[in-house]
Amino acid sequence: RNIFKVKKISAEKSKKMEKEEKIFRETFKYDKEINVINTVTAECSVPSKRRVDLPLTAGEQLDVIDVTEGNAVICRNSGGRYGYVLVEHLNFR
């Protein structure tokens with residue numbers, strides 16, 4: 001019984017991540033392949049001010065997807081949501 005429960009949760013999470021990726025591609029007009037460049041940790045909690053910013057929780061693990069001009073990178077959180085994060089809020093160790 002537990003096996004089916006795990007598969008159901010995984011399927012729901014997978015659908016949510018696909019939906020988040022679709023929203024990301026439309027919002028950012030991102031047509032490149034999504035590759036994880038690096039994994040980083042958020043140093044502090046930061047709320048998002050714009051729709052394209054990714055809200056952070058201190059200690060949260062993020063995947064860096066792309067580097068932009070300036071001091072921001074595009075990241076993905078564990079929930080599959082994408083957005084800009086300022087480099088100064090991240091720990092690259």
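Looking at an unreviewed UniProt entry, one finds the protein chain named FYN-binding protein 2, with Pelecanoides urinatrix as its source organism. Quoted verbatim from the Subunit (unreviewed entry) field of the UniProt record, the comment on the protein chain reads "Interacts with SKAP1, LCK and FYN. The phosphorylated form interacts with LCP2."

When you line up the elements, Asp53 lands in the loop between β1 (38–42) and β2 (61–67). Looking at Asp53, its side chain comes within polar contact range of the side chain of Arg50, at 2.9 Å.

Below, the discussion takes up the packing of aromatic side chains. All chains considered together, the criterion is met by 4 aromatic pairs. Taken together, a centroid distance of 4.9 Å and an interplanar angle of 45° make the contact between Phe24 and Phe28 tilted. Of this pair, Phe24 and Phe28 both sit in helix α1 (residues 2–28), 4 residues apart, roughly one helical turn. Under the relative-accessibility criterion, Phe24 is labelled buried at 2%.

Sites flagged by UniProt as "domain: Helically-extended SH3" (unreviewed entry) map to residues 24–90. The span residues 24–90 is 7% helical and 34% strand by assignment, and the distance between its end C-alpha atoms comes to 21 Å.

A few words now on the pairing of strand β3 (residues 72–76). A large share of β3 lies buried, amounting to 5 of its 5 residues. Burial of β3 is two-sided: the residues Ala72, Ile74 and Arg76 facing one way and the residues Val73 and Cys75 facing the other way are all buried. Relative to β3, β2 runs antiparallel, the two sharing 4 bridges. By the bridge assignment for β3, Asp63 is matched with Arg76. Pairing analysis gives 5 bridges linking β3 to strand β4 (residues 82–86), with the strands arranged antiparallel.

Analysis parameters
Note on numbering: residues in each chain are counted from 1, in written sequence order. Per-residue local features are limited, in this predicted model, to residues with pLDDT of at least 70; the limit for side-chain atom pairs, both in listing and counting, is 80 or more; totals at the level of whole chains, interfaces and linings are taken over all residues. Hydrogens and water molecules were not included; the side-chain quantities draw on all heavy atoms of the structure. UniProt positions are given in the numbering used here, feature names are shortened, and annotations may be inferred rather than shown by experiment. By definition, any uninterrupted DSSP run of H or I lasting at least four residues is a helix, any uninterrupted run of E lasting at least two residues is a strand, and each is numbered from the N terminus. The definition of a polar contact used here is a pair of N or O atoms within 3.5 Å, where within protein one atom must be able to donate a hydrogen and the other to accept one, and adjacent residues in sequence count solely through side-chain atom pairs. Between 30 and 60 degrees the pair is tilted, below 30 it is stacked and above 60 it is edge-to-face, where a pair is any two Phe, Tyr or Trp rings, Trp via its six-membered ring, whose centres lie within 6.5 Å. We call a residue buried when its accessible area falls under 20% of the maximum for its residue type, exposed when it is over 50%, and partly exposed in between, using a 1.4 Å probe and counting protein chains only. The pairing criterion for strands is at least two bridges between them, as found by DSSP.

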